[in-house]
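Understanding the architecture of this molecule
The primary structure of each chain is shown beneath.
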Amino acid sequence: MKKKVFASLLTGALAACTLAGCGSSASTATSDASDTSSAAASSEYTVSIVQYVDDASLNQINESIQEELAAKGEELGVKFNIDYSNGQADSTVMNQIASDCVNDGVDAIIPIATPVAAIMQAATEGTDIPVVFSAVSDPVGSGLVASLDAPGANVTGTSDMLNTEAVMDLMFAANPDIKTVGLLYDKGQDSSTQPIKDAIAYLEEKGISYVEKTGTTNDEISLAADALVAADCDAVFTPTDNTVMTAELAIFEKFADAGIPQYCGADSFALNGAFCGYGVNYEDLGTQTADMVIDILVNGADPATTAVQVQDSGIATVNTETAEKIGLDYSMFKDMVTEVVETTTSQEFE
């Protein structure tokens, strides 16, 4: 049920740190916590990374977190024990992982994606274990934090909040004559709730028709994709939805064969065949998440007052194979985004 990967990084003299309240494994430093140049006893921490499900974006975040912890561990002389688990989108599995984390007295938990973050929040209530989430699209709306600037408890992290208006602008720049837009998502994914509301508001303001199709499993998402093709949609929008992401490799050809561009809320969708993915750099998001964990564990930062970090969106990733198949020009994107990245269809990022 639970896969553990322990990665011992490097040990040595830790520059000043006292782990506030997490301290099953940290030794007490003899100098100020912010003075990382001071000599202190060696120290180690157990950090539990809990990933919601396998998909290219979340896998990239996990890899980036572990790489950053390794690099900073060497720099600071800290030994991080990485305990990795994948919940495979199963709430029973994730709850068991959460129970294990609390019983083991880990020093910090890093849940990747909203559903697992909510489970870790509930499991650690009343404890002093910091939870530093990654890839949570709406931290306030999902009830994980009181506000982005002041989370208010033991939970903080990084957000991949989607700029839905920017995605829709790309859609209509490539094809101003769109009459009907398909909305493909899982109603149970908190990450989709607000972007879908935003997309509907955008389309209604422009007087554009839309068709909503949802699913909670790969088979249901596949049927929903078929329904959108049958509805003669001119384009399809999918937010940062993990359920659709896990099905993308199985559905992208349905849209491509029908000449329908699919616009999505992450670059991994484009990697897995969708026409365009727009959003944050997930490698950078993982690095940012790891740095927040280090600040809390090594420097004694308080999660309750550590602001949630939100990256500015602005990267459009286009699948060139799909673009060629549907015959859609995307040259205008370069003037609308920070960067246009081209990719071809693959399961994972290299």
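Residues numbered from 1 in each chain as written. Predicted model: local features only at pLDDT ≥ 70, side-chain atom pairs only at ≥ 80, totals over all residues. Heavy atoms only, no water.

Take the sheet that holds strand β7 (residues 209-214) next. Strand order in the open sheet made by the 7 strands is β7-β6-β8-β9-β10-β12-β13, with mixed pairing throughout. Here the strands that pair on one side only, and so sit at the sheet edges, are β7 and β13 (339-343). Strand-to-strand twist in this sheet, taken as the mean axis angle between neighbours without regard to direction, amounts to 20°. Note: strand β12 (residues 315-319) against β13, 5 bridges, orientation parallel. Opposite N319, over in β13, you have T343 as the bridge partner. (Pairing = 2+ DSSP bridges. Helix = DSSP H or I, 4+ residues; strand = E, 2+ residues; numbered from the N terminus. Axes fitted to C-alpha atoms, helices over the stretch in contact; angles between N-to-C directions.)

Considering all chains together, one arrives at 4 salt bridges under this definition. The salt bridge involving E68 is made with K72; its shortest N-O contact spans 3.0 Å. Of this pair, E68 and K72 both sit in helix α1 (residues 56-76), separated by 4 residues, roughly a single helical turn. You can call E68 buried: its relative accessible area is 12%. Between D291 and K72 there is a salt bridge, and its shortest N-O distance comes to 3.1 Å. Here K72 lies in helix α1 and D291 lies in helix α9 (residues 282-299), a separation of 219 residues in the sequence. Given the relative accessible area of 28%, D291 is considered partly exposed. (Salt bridge = Lys/Arg side-chain N within 4 Å of Asp/Glu carboxyl O. Buried < 20%, exposed > 50% of the residue type's maximum accessible area, 1.4 Å probe, protein only.)

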